[in-house]
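Residue-level listing of the chains:
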Amino acid sequence: MSGTATSARGPRGGGLRALMLWLAAGLLLAVWAFPVLWGLLTSFKTERDVLAYPPKVLFEPTLDNYREVIFGASSILPNLWSSMIVSTSATVLTMLFAVPAAYALARLRYPAKRTSGFYVLATQMLPPVGLIIPYYLVLQKIGGLDTYSGMTAIYLTFSLPFAIWLMVSYFEDIPQEMEEAALLDRAGRLRTLWYVILPQVRGGIAVTTIFVFLNAWNEFLFAVVLGGNNVRPVTVAMFNFISVEQTQWARLAAGAMLAMAPVILIGLAAQRHIVKGLTVGAVKGGGRR
Amino acid sequence: MPSSGARAGAAVRTLAGQERRFALALLLPALLALLLTTTTPLVYLVWNSLHRLDLGMPWLSGFAGLENYVRMGGDPRFWNSLWLTLVYTGSTVVLQVVVGLSLALLVLQIPKGQGVLRVAAILPIVLAPVVVGLFWRTLVLAPDFGLVDVVSRALGLGSHNWLGDPQLALISVIAIHTWQWTPFAFLVLLATLATLPPDIYEAARLDRAGAWQRFLHITLPLIRPAIVMVVILRMMTALSAFAAIFAATGGGPGSATEILNLYAYRTSFSELNLGYGASLAVVLMGLTLAISFLMFRLRRAK
């Protein structure tokens, strides 16, 4: 992707320069990948091997930690299930609201368009700590604490504004002529949106769905305050392995690996889209003001 | 002739009306949802901040006017958290942009293997901040066994209590945040740099502009919009940072890493003083909105 830009940077240096570049890049790779890889390694250790000094790279791997966090007393399966339900329902709801709204914001003419766009943007900036207090008080009053519906509703507060803005940038990419042609053919507005426009933003919908799901899965503050024994997402369950007396390192690592497996897999599978999703706003940002 | 013109005008008007109704129908559900889930709670938050609401002392509950805000003025823990919020936000954002941009410029020169680096960069971004905080607290920063401590000992710098010493703890949580989110700046800036037209550099080299001059006078102005965008987005994340610090230090030791988010949380849900917590959250909201407003003004000015 950068071949052209690279060649423009100046004459390629000698072998030393190349070596330095690779060293720097390798270091970079290590710094970012290492904690995760180390966690993976730790999850296969016994608690005794974990606390060896110097740290053991070679050891006899064990599956005990995984057995414990899946089937044992501190099983996180119910928590994975909670996370699944909350994240999925929040994602579906978010997309149902966000896609039509984003289309209107990106493409249609209507009064107070700037105001509504600004409103969506402003809601995105509310810090979650500010929302959790009123939510807690309200849900406590109506008996919504520790319920899936209460949790899902508050997840909309961060996912909906984000999804709307991401989708707007994808809708803006579609050539205007396409929908004009469809409209001249007397296809109704709704039919045009459904049959002509939406197929064009399939990629954008996929990227947005991924991001919304990731954010919902990783959410912690709302989960820890509004959850309870019924609804306890996996991010909260990580603290099962940490107590004042003792931290169960290996189990924590195994639990974290299981909890993060979905997002890591999605992240790796969709890495191209994720980079595009991250950059779409930034690259276009200059133009859109 | 005039009659057909009027007819066309009427047709345009109905079309415009139709478009307006359609737009409203598409937009209304989302706007209502946002109104219900964000704006209403916000109003309720402000309302609560004007009340005495301490679950530990429920008999004292009642309207208190500006009492909570007045209390803040003489609360050293509040001023400390406000200061820490600014330090945390400022330093993490600057670090992310500087490190991210340097890395992007570096990686751009590597002809092969960018894909691997991109995968490595994706990892921290997709992890839950709470897991990142716990990982660092145990595997990376724990005295004796953490990677950083092992390296520090191997280098002869000795073992340190990275999260237990007040000054080190602040540096540590800043490092954690920077570790997790620098890849974002890196990926965005790398993608932006790759879109720059190569012929500009060609011309500059003919003019015998040095590498540093080329960067300062060509690259930087061209990627400025992307940098501003990154700064805005990263600032928002830093201002709402919570889970990683909560997991790593819980705001401690003492209140050494207690940014406003954590102070509001601890006040509300550990000390159960929801009224005062609400007023702290209102200040945080005001601060966030003010900073974003400033940033957007800045962006427009460019």
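Participant: What should I look at first to understand the overall build of chain A in this one?
Facilitator: Scanning chain A from terminus to terminus reveals 15 helices and zero strands. Considering chain A as a whole, with its 289 residues, one finds that 43% of them fall into the buried category.

Participant: How do you make sense of the domain arrangement of chain B when you look at a structure like this?
Facilitator: One widely used convention gives an interface's size as the accessible area the parts lose upon coming together. Residues and elements named next belong to chain B. Entries for chain B in the domain assignment read domain 1 (2-49) and domain 2 (76-301). A C-alpha centroid distance of 38 Å is found between domain 1 and domain 2. Within the side of domain 1 that touches domain 2, the residues separate by chemical class into two nonpolar, two polar and no charged.

Participant: Quick question: what am I supposed to make of the packing of helix α3 (residues 76-108) of chain B against helix α9 (residues 211-239) of chain B here?
Facilitator: In a packed pair of helices, the relevant descriptors are the angle between the two axes and the axis-to-axis distance. All names here are of chain B. Running from amino to carboxyl end, α3 crosses α9 at an angle of 140 degrees, the nearest separation of the two axes being 9 Å. The pairing of α3 with α9 is recorded here as oblique in orientation. Crossing of α3 against α9: the hand is right-handed. Along its contact with α3, which presents Tyr88, Thr89, Thr92, Val93, Gln96 and Val97, the element α9 presents Ile227, Val230, Val231, Arg234, Met235, Ala238 and Leu239. Looking at the contact of α3 with α9, its residues break down into nine nonpolar, three polar and one charged.

Participant: Even after reading the chapter, I still don't get the interface of chain B and chain A, so can you show me in this structure?
Facilitator: Between chain B and chain A, the residue contacts involve 91 residues of the former and 86 residues of the latter. In terms of residue count, the dominant contributor to the side of chain B that touches chain A is helix α1 (residues 2-49) of chain B (21 residues). When grouped by side-chain class, the residues that make up the side of chain B that touches chain A number 70 nonpolar, 15 polar and six charged.

Participant: What am I meant to see in the confidence of the model for chain A here?
Facilitator: Close reading of the predicted structure is inappropriate where its pLDDT is low. Residues and elements named next belong to chain A. Summary statistics for chain A give a mean pLDDT of 83 and a share of 89% for residues scoring 70 or more. The spread of mean pLDDT over the elements of chain A runs between helix α1 (residues 3-7), the lowest at 41, and helix α5 (residues 77-107), the highest at 94. Note on residues 1-12: pLDDT is under 50 here. Beyond four places in sequence and across chains, it has 19 contacts. Here residues 282-289 is modelled with pLDDT under 50, and outside its nearest four sequence neighbours on either side it reaches 15 contacts, counting other chains as well.

Participant: Would you explain the environment of Ala18 of chain A in this entry?
Facilitator: Residues and elements named next belong to chain A. Tracing the backbone shows Ala18 in helix α2 (residues 15-42). A residue is classified by how many C-beta atoms lie within 10 Å of it, and Ala18, with 14 of them, is partly exposed. Counting along the chain gives 235 residues from Ala18 to Ala253, while the straight-line C-alpha distance between them is 37 Å.

Participant: How do you make sense of the domain arrangement of chain A when you look at a structure like this?
Facilitator: Residue and element names in this part refer to chain A. If you check the domain split of chain A, you get domain 1 (11-70) and domain 2 (71-288). For domain 1 versus domain 2, the separation of C-alpha centres amounts to 31 Å. In this assembly, 14 residues from domain 1 lie in contact with 16 residues from domain 2. Those elements that provide at least two residues to the side of domain 1 that touches domain 2 are α2, α3 (47-50) and α4 (64-71). Examining the composition of the side of domain 1 that touches domain 2, we find that six residues originate from one element, α4, more than from any other. The class makeup of the residues in the side of domain 1 that touches domain 2 is five nonpolar, five polar and four charged.

Participant: Can you help me understand unusual backbone geometry in this one?
Facilitator: Keep in mind that most residues, glycine aside, have a negative phi and that most peptide bonds are trans. A cis amide bond, omega -5 degrees, links Gly252 of chain B with the succeeding residue Pro253 of chain B. Looking at where Pro253 of chain B falls in the secondary structure, it is placed in the loop between α10 (243-248) and α11 (260-270). Positive phi, close to 60 degrees, is recorded for Ala112 of chain A, a residue that is not glycine. Even without being glycine, Leu272 of chain B reaches a positive phi, approximately 60 degrees. Of note, Leu272 of chain B is situated in the loop between α11 and α12 (274-301).

Participant: Can you help me understand helix α7 (residues 166-194) of chain B in this one?
Facilitator: Residues spaced three or four apart along an α-helix face the same direction, because each turn holds 3.6 residues. Residue and element names in this part refer to chain B. Compared with the 42 Å implied by 1.5 Å per residue over 29 residues, the 42 Å span of α7 between its first and last C-alpha is a close match. Its maximal kink placed at Trp181, α7 deviates by approximately 40 degrees, while the proline Pro183 follows within four residues. With respect to burial, α7 is a largely interior element, 23 of its 29 residues being buried.

Conventions used here
Residues numbered from 1 in each chain as written. Chains lettered and ligands numbered in written order. Predicted model: local features only at pLDDT ≥ 70, side-chain atom pairs only at ≥ 80, totals over all residues. Helix = DSSP H or I, 4+ residues; strand = E, 2+ residues; numbered from the N terminus. Buried ≥ 20, exposed ≤ 12 C-beta atoms within 10 Å, placed from the backbone. Domains from an automatic or database assignment. Nonpolar A, V, L, I, M, F, W, Y, C, P; charged D, E, K, R; others polar. Axes fitted to C-alpha atoms, helices over the stretch in contact; angles between N-to-C directions. Parallel < 35°, antiparallel > 145°, perpendicular 65-115°, else oblique. Left-handed = near helix turned anticlockwise from the far one by under 90°. Contact = placed C-beta atoms within 7 Å. pLDDT = per-residue confidence, 0-100. Expected span 1.5 Å × (residues − 1). Bend = angle between axes of the 7 residues up to and from the residue.

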